[in-house]
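# Commentary on secondary and tertiary structure
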There are 2 protein chains.
Amino acid sequence: MMGRIACANVLSDLYAMGVTECDNMLMLLSVSTKMTEEERDKVMPLIVKGFKDAAEDGGTSVTGGHTVLNPWIIIGGVATTVCQPNEFIMPDSAVPGDVLVLTKPLGTHMAVTAHQWLDNPERWDKLKLVVTREEVEAAYQEAVLSMATLNRTAAGLLRAFGAHAATDVTGFGLLGHARALAARQRHHVTFVIHNLPLIARTAAMSAACGGGRLLRGTAPETSGGLLLCLPREQAARFCAELRARGRQGALQGWIIGIAEPGPRGARLIERPRVIEVPARGPAPDSPAPGEAPPEGAS
Amino acid sequence: MMGRIACANVLSDLYAMGVTECDNMLMLLSVSTKMTEEERDKVMPLIVKGFKDAAEDGGTSVTGGHTVLNPWIIIGGVATTVCQPNEFIMPDSAVPGDVLVLTKPLGTHMAVTAHQWLDNPERWDKLKLVVTREEVEAAYQEAVLSMATLNRTAAGLLRAFGAHAATDVTGFGLLGHARALAARQRHHVTFVIHNLPLIARTAAMSAACGGGRLLRGTAPETSGGLLLCLPREQAARFCAELRARGRQGALQGWIIGIAEPGPRGARLIERPRVIEVPARGPAPDSPAPGEAPPEGAS
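Please read all numbers here as calculations on a predicted model, not as lab measurements. Sequence order as written defines residue numbering, which begins from 1 separately in each chain. By the order in which they are written, chains take letters starting at A while ligands take numbers starting at 1. Reporting of local features is limited, given that this is a predicted model, to residues whose pLDDT is at least 70; pairs of side-chain atoms are given and counted only at 80 or more, and all residues count toward the totals for whole chains, interfaces and linings. The basis for every side-chain value is the complete set of heavy atoms in the structure, and neither hydrogens nor water enter the calculation.

## Points about the overall build of chain A
When helices and strands are tallied, chain A shows nine helices and nine strands. In this treatment the radius of gyration is a C-alpha quantity, and the globule benchmark scales as 2.2 Å times the residue count to the 0.38 power. Scaling as 2.2 N^0.38, a compact globule of 298 residues should have a C-alpha radius of gyration of about 19 Å, and chain A matches this with 19 Å. Structurally, chain A occupies a C-alpha span of about 55 × 50 × 45 Å along its principal axes. A total accessible area of about 13,800 Å² is found for chain A, and carbon and sulfur atoms account for 52% of it. Within chain A, the 30 negative side-chain charges are centred at a point lying 6 Å from the centre of the 29 positive side-chain charges. Counting from the N terminus, the helices are DSSP H or I runs at least four residues long and the strands are E runs at least two residues long. All accessibility values rest on the Shrake-Rupley procedure with a 1.4 Å probe; residue burial counts only the protein chains present in the view. Note that His is not counted, nor are the chain ends; the positive residues are Lys and Arg, and the negative ones are Asp and Glu. Just so you know, the charge point we use is NZ for Lys, CZ for Arg, CG for Asp and CD for Glu.

So, in structure tokens, the structure goes:
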């Protein structure tokens, strides 16, 4: 899953420009000097396989890259597409009145961190006052599936629905990426965010132990969803279409705010509405995200 | 210089295919977690500047990339060119009788290692039996200038002189890359290497302290030269033309061997001739490699 997530994260930059076809991928890998030979021979091929599998799901393939030794494991890559100007969407055309849509719930970082805290008695003592072990496990599973999901289907709908601008939400968090997107707009627009779709129970985790960054829109995400500016009349249809294209609720979109006239920037309203996004349930033998589970599975 | 070397190394893969124009570069950087803030703020911008300067020298520019924290500093990147099949040379057309040419001397790794040993009394006690401190310094300077030199001029001559195949010499050493190149040939050719152009005194260093890998063709290189297969009648002219295009001996080529009929592979003859390549002398204020020094400098 680590490899899948890394690949999804790399491809996401193309998808955020409405490009669904990737011509070529490179994989960049650092193998940890601290792993035993056995660990290395077991773990690294799995990471590589995940990366390649996700590339294949994205209709592309990994043709090269580079591997180095390093104290920490690093996995990343490069996705390249050559296309005409009319084949991608320059993310600079938002206008006042546009509706902001987000295509994955937030909270991946919180869910993964909370999962690590299950093994940290000091942290867990605090966390267990607000969530159960099962809720942490479910949030973690949902985060992993979400991070491994390609933004490709959403990307394919960007042009069909006339998106004015889009970006993907990663390390700078929702608000950070919303601000960066706003700063590039040709028109004077302020992105005002009203709603926060969050992986179930991550709001409680963040409030109890995470410093509340998630509720302020500043928690980092890994391989997050696309943040889109859509013409007002298209937003609800876009979300419905995206949902229809996923299986088992694997793809969703939420209207999270409005582009208002104003200085180029982004802000959350005082008390944003938290939309708790339930986990899609334990994955039977972890089928590829968005794919149908094996027959007979619930 | 570190940044320049990294950039030259990245671009070299394009140059080895006879491509001189790079459409786009990405820079990948990891900032060390072990640096103080002061070290980081001083060192990293210099590395970035060197990388960008070398890209500019190569007629291209860095338009993106990624920066992470990591225990070790890492600098690298990606170079992309989109071109027609007739605009690059598939490295698979060597024929028996071709002459092998190398465009940078070997020994970068040995020179850098020896330079580190100046501060290691145990190593230096052994090394100083065969070389002086000044020779180590000169070899190091030459290695740095050589590594920072773009293979672009050589690349521009590949098509003009009808090169049949080329690769760049880096981590696997001369013999490793010669073998990899031989393995891809359409015809049955064995690359037989007779001559080893080495940065002055690195042969002695390698024999005394480096296990002699350099003299067996297996020492790793960083940002090494191009290894070319040229039609026999073109090789000497290629070397002369390359030399004419550099300033102050910044560019050179050496005939190092022959493509013989035989199984696809590469080998050194029993006692290869070592060509000691003298350092071009201390660089006055380190002008960019290959560029003219300031007026009045020797």
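## A closer look at empty space enclosed by the protein
All names here are of chain B. In this analysis, the protein atoms alone were mapped onto a 1 Å grid. Cavities are point sets where a 1.4 Å probe fits without being able to get out; pockets are open sets with protein on both sides within 12 Å along at least five of seven lines; lining residues have an atom within 4 Å of a point. Grid points are joined across faces, edges and corners, and a volume is the space filled by probe spheres set on the points. This structure, assessed with the given rule, holds two cavities of 30 Å³ or more. In this structure, the largest cavity occupies an estimated 140 Å³ of space. Residue lining of the largest cavity: 17 residues in total, with Thr103, Lys104, Ala250, Leu251 and Gln252 positioned closest to the centre. Across the lining of the largest cavity, the residue classes tally to eight nonpolar, six polar and three charged. Three categories are distinguished: nonpolar for Ala, Val, Leu, Ile, Met, Phe, Trp, Tyr, Cys and Pro, charged for Asp, Glu, Lys and Arg, and polar for the others, with Gly belonging to the last.

## Examining helix α7 (residues 173-183) of chain B
Think of it in three bands: with a 1.4 Å probe and only protein chains considered, a residue is buried below 20% of the maximum accessible area for its type, exposed above 50%, and partly exposed in between. The complete set of buried residues in α7 of chain B reads Gly173, Leu174, Leu175, His177, Ala178, Leu181 and Ala182 of chain B. Residues are treated as being in contact if the distance between any of their heavy atoms lies within 4.5 Å. Buried residues along α7 of chain B sit against β4 (99-102), β5 (165-168), β6 (189-199), β7 (226-230), β8 (254-261) and β9 (265-277) of chain B.

## Some details on the relation of the copies chain B and chain A
Copies overlap after least-squares fitting; the atoms used are the C-alpha atoms of residues with pLDDT of at least 70 in both. When chain B is fitted onto chain A, the two copies agree to an RMSD of 0.0 Å after a turn of 180° and an axial shift of 0.0 Å. The superposition operator between the copies reduces to a two-fold rotation axis. By C-alpha distance to the rotation axis, the residue of chain B lying nearest is proline 71 of chain B, at 3.3 Å. A high fraction, 100%, of the interface residues of chain B reappear at the interface in chain A, so the copies pair face to face through one surface.

## Points about the interface of chain B and chain A
Residue-level contacts link eleven residues of chain B with eleven residues of chain A. Both faces considered, chain B and chain A share a buried interface measuring about 890 Å² in area, 82% of it formed by carbon and sulfur atoms. Whenever Lys or Arg places a side-chain nitrogen within 4 Å of a carboxyl oxygen from Asp or Glu, that contact is recorded as a salt bridge. One can count zero salt bridges joining chain B with chain A. What qualifies as a polar contact is a pair of N or O atoms within 3.5 Å, subject to a donor-acceptor requirement within protein and to the restriction that residues adjacent in sequence count only when both atoms come from side chains. Taken together, chain B and chain A are joined by one residue pair in polar contact (both at pLDDT 80 or more). Within the residue set of the side of chain B that touches chain A, elements represented by two or more residues are β1 (24-32), β2 (62-70) and β3 (74-80) of chain B. Top element by residues in the side of chain B that touches chain A is β3 of chain B. It accounts for three residues. Joining two parts hides part of their accessible area as seen by a 1.4 Å probe, and the buried area is that hidden amount summed over both.

## Concerning the sheet that holds strand β1 (residues 24-32) of chain A
Residue and element names in this part refer to chain A. The three strands lie next to each other as β2-β1-β3, forming an open sheet whose pairing is mixed. Two strands close off the open sheet at either side, each with one partner strand: β2 (62-70) and β3 (74-80). Neighbour-to-neighbour, the strand axes of the sheet open up by a mean angle of 15°, direction not taken into account. Of the pairings in the sheet, the one linking β1 to β3 comprises seven bridges and is antiparallel in character. Pairing between two strands requires that DSSP report at least two bridges joining them. Lines fitted to C-alpha atoms define the axes, with helix axes restricted to the stretch in contact, and inter-axis angles between N-to-C directions lie between 0 and 180 degrees.

## What about the UniProt feature "domain: PurM-like N-terminal" (unreviewed entry) in chain A?
UniProt positions are given in the numbering used here, feature names are shortened, and annotations may be inferred rather than shown by experiment. Annotation from UniProt places "domain: PurM-like N-terminal" (unreviewed entry) at residues 2-79 of chain A. Secondary structure content for residues 2-79 of chain A is 45% helix and 31% strand, while the C-alpha to C-alpha distance between its ends is 17 Å.

## Description of the side chain of histidine 177 of chain B
Residue and element names in this part refer to chain B. Topologically, histidine 177 is positioned in helix α7. We classify histidine 177 as buried; its relative accessible area is 9%. At 3.1 Å, the side chain of histidine 177 and the backbone nitrogen of phenylalanine 172 are in polar contact. Those residues in contact with histidine 177 that lie beyond four places of it in its chain are Thr167, Asp168, Val169, Thr170, Gly171 and Phe172.

## Things to note about unusual backbone geometry
For serine 223 of chain A, which is not a glycine, the phi torsion comes out positive at approximately 50°. The exposure class of serine 223 of chain A is buried, given its relative accessible area of 1%. Positive phi, close to 80°, is recorded for arginine 201 of chain B, a residue that is not glycine. By the element assignment, arginine 201 of chain B lies in the loop between β6 and α8 (202-209). What makes arginine 201 of chain B partly exposed here is its relative accessible area of 25%.

## Some details on the packing of helix α1 (residues 2-15) of chain A against helix α2 (residues 37-57) of chain A
Residue and element names in this part refer to chain A. Running from N to C, α1 and α2 point in directions that differ by 45°, and their axes come no closer than 6 Å. Relative to α2, the element α1 lies oblique. Between α1 and α2 lies a crossing whose hand is right-handed. Side by side, α1 and α2 meet where Met2, Gly3, Arg4, Ala6 and Cys7 of the first sit next to Ile47, Gly50, Phe51, Asp53, Ala54, Ala55 and Asp57 of the second. Each residue belonging to the contact of α1 with α2 can be placed in one class, and the counts come to seven nonpolar, two polar and three charged. Each angle is binned into one of four classes, with values under 35 degrees roughly parallel, values over 145 roughly antiparallel, values of 65 to 115 roughly perpendicular, and all other values oblique. Left-handed describes a crossing in which the near helix is turned anticlockwise from the far one by less than a right angle; the clockwise case is right-handed.

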